[in-house]
Amino acid sequence: MNNISIFSVPIWEKELEIDQNSLQDIRDFCLLLSTTQKSRVISNYGGFQSKDISNTITSKYPMNIIQNHIHKEISNLAKIIKIKPNYKFKLANVWININKKGDYNGLHDHTNSTFSGVIYIAGDFTESCIVFEHPHPIEYFFYKSIVDETSPFAIEEVALKPKPGTMYIFPSWLRHKVPPYKKEDSRISIAFNFGSILT
């Protein structure tokens, strides 16, 4: 029999062209920012999550590198999904995440957005950095109970292993989590949301 897959969940991956010196400058900026403000607590258990970063900051070096890449890939995504001509994507917010040993993010989604994304800047990437949950975990439980663990129908979650400079974009409703960081240094990422507006 042929398998006709329908209603798939897309996650877009892009290896951004950011040189090592720029990644280092972005890393240093993120670490410096973490010393100037108190972490907010949303889905994070430990670690640092910044306030939303203003356009005044993201328009200047080194964060303008990140902002330019985000805008470019948002524009590309609009073409890929064939957004209607009277709509456009607009960046909603950008923030910084810094996880030290033992820090993690619980299962969550990003409400009031269309798509969300994350760019990885620094840290150890030998283990998974983000884990996506099956969008219908309760209904899927039945399949897991009757099939071998190697079957695609047994998959409850998918873990991704990025590299420095990797960007992921995904539907904002897709629930995800960040496993506890196990190394002695810091894993740094920059996350963002964007939505659709009438032009």
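Above this text you will find the structure in question.
Owing to the predicted nature of the structure, the values given are computational and were not obtained by experimental measurement.

Rules used throughout
- Residues numbered from 1 in each chain as written.
- Predicted model: local features only at pLDDT ≥ 70, side-chain atom pairs only at ≥ 80, totals over all residues.
- Heavy atoms only, no water.
- Helix = DSSP H or I, 4+ residues; strand = E, 2+ residues; numbered from the N terminus.
- Expected span 1.5 Å × (residues − 1).
- Buried < 20%, exposed > 50% of the residue type's maximum accessible area, 1.4 Å probe, protein only.
- Pairing = 2+ DSSP bridges.
- Axes fitted to C-alpha atoms, helices over the stretch in contact; angles between N-to-C directions.
- Parallel < 35°, antiparallel > 145°, perpendicular 65-115°, else oblique.
- Contact = heavy atoms within 4.5 Å.

Colleague: Summarise helix H3 (residues 63-80); cite the residues concerned and give the values.
Modeller: In this model H3 runs 26 Å from its N-terminal to its C-terminal C-alpha over 18 residues, within 8% of the 26 Å that 1.5 Å per residue would give. By the burial criterion, the buried members of H3 are Met63, Ile65, Ile66, Gln67, His69, Ile70, Glu73, Ile74, Leu77 and Ala78. At the exit of H3 stands Lys82, carrying a positive phi of roughly 60 degrees.

Colleague: Account for the sheet that holds strand E5 (residues 104-108), naming residues and giving values.
Modeller: What the 5 strands build is an open sheet, ordered E2-E5-E10-E7-E8; its pairing is antiparallel. Across the chains shown, the open sheet's two edge strands, defined by having one partner strand only, are strand E2 (44-45) and strand E8 (157-160). Across 2 bridges, the pairing between strand E7 (residues 130-133) and strand E10 (residues 176-178) is antiparallel. Each bridged residue has a counterpart across the sheet, and for Phe132 the counterpart in E10 is His176.

Colleague: Could you give me a rundown of the packing of helix H1 (residues 20-34) against H3, with the residues and numbers involved?
Modeller: Two numbers describe how H1 lies on H3: the axes approach to 9 Å, and their chain directions differ by 110 degrees. With respect to H3, the axis of H1 lies roughly perpendicular. Within the contact between the two elements, H1 uses Ser22, Ile26 and Phe29 and H3 uses Met63, Ile65 and Ile66.

Colleague: Could you give an account of unusual backbone geometry, with specific residues and numbers?
Modeller: Generally, phi is negative for residues other than glycine and the peptide bonds are trans, each holding for most cases. A cis amide bond links Tyr61 with the next residue in sequence, Pro62, at an omega value of 5 degrees. Looking at where Pro62 falls in the secondary structure, it is placed in the loop between helix H2 (55-58) and H3. Of note, the phi angle at Lys82 is positive, near 60 degrees, even though the residue is not glycine. Positionally, Lys82 belongs in the loop between H3 and strand E4 (87-99). By relative accessible area, Lys82 is classed as exposed at 71%. We note that Asn112 has phi near 65 degrees; this positive angle belongs to a residue other than glycine. Tracing the sequence through the fold places Asn112 in the loop between E5 and strand E6 (115-122).

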